[in-house]
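A look at the structure
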Amino acid sequence: MATSQREERELLGHDAFALIAPSHQPAIAALPPEELRTLATRLRAEHAKLRDLIREGKRAKRGKGDARAAANAEAGKATRRKQVYAAALKRVNSRFEELTHERRREEHRAALKEALARRQAQRAQHPSAGFGASNGMQSKGNAKSSKRVHGARIGSVSAQNKRAQARRDG
């Protein structure tokens, strides 16, 4: 459930609300990243303090801790205050992510412009077109060596076989 700034001021008091106030718009938009980082650190510390207070209260209710911790956790509405700090931390983290995203986008855009400039500065490559269409297909020479039989030898084997057969028959 969202909490209004008026409810936050009533719940936290003036001093603690002064820590939360810069996490609201438009103040958060004007903060530089270094101040956002310190604000997030302080909010985390307060959130952790309240988280520990609530844990101690729960332990005391179970009978494991100090009885004063249970009274402090109940009387101070620590859970609601912790939720206020968590919401403020969420706003700060969100703004920090926006700034980081913008910075990365600008870096990426600069890198792309640099790459485009390098590409445009290169000399154009024009490879040879190769065979033209008017030449048609080009025959390739046969890599295998062809065995040629001399004309006088053609048929000599079959004639030799015929003579050998005649000798056997006769």
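Here we summarise the structure given alongside this text. The structure presented is a predicted model; accordingly, all values stated were derived computationally and were not measured. (Residues numbered from 1 in each chain as written. Predicted model: local features only at pLDDT ≥ 70, side-chain atom pairs only at ≥ 80, totals over all residues. Heavy atoms only, no water.)

Within helix H1 (residues 5-12), the full set of buried residues consists of Glu 8, Leu 11 and Leu 12. Along the axis of H1, the buried positions cluster into a sector of 85°, meaning they face one direction only. Facing away from the buried side of H1 by over 90 degrees, the exposed positions are Arg 6 and Glu 10. In this structure, the buried residues of H1 make contact with helix H2 (14-20) and helix H6 (78-121). Following H1 by one or two positions, Gly 13 adopts a phi angle in the positive range, close to 95°. (Buried < 20%, exposed > 50% of the residue type's maximum accessible area, 1.4 Å probe, protein only. Helix = DSSP H or I, 4+ residues; strand = E, 2+ residues; numbered from the N terminus. Arc of directions from axis to C-beta. Contact = heavy atoms within 4.5 Å.)

Another aspect to go through is the nonpolar core. Of all hydrophobic cores here, the largest spans 21 residues; its most connected members are Leu 12, Ile 20, Leu 36, Leu 39, Leu 43, Tyr 85 and Val 92. Of all elements in the fold, only H1, H2, helix H4 (33-61) and H6 reach the threshold of two or more residues within this core. A total of 7 residues in this core trace back to one element, the largest contributor, which is H6. Residues contacting Leu 36, with those up to four places away along its chain left out, are Ile 28, Leu 31, Val 92, Arg 95, Phe 96 and Leu 99. (Core = buried A, V, L, I, M, F, W, Y, C linked by side-chain atoms within 4.5 Å.)

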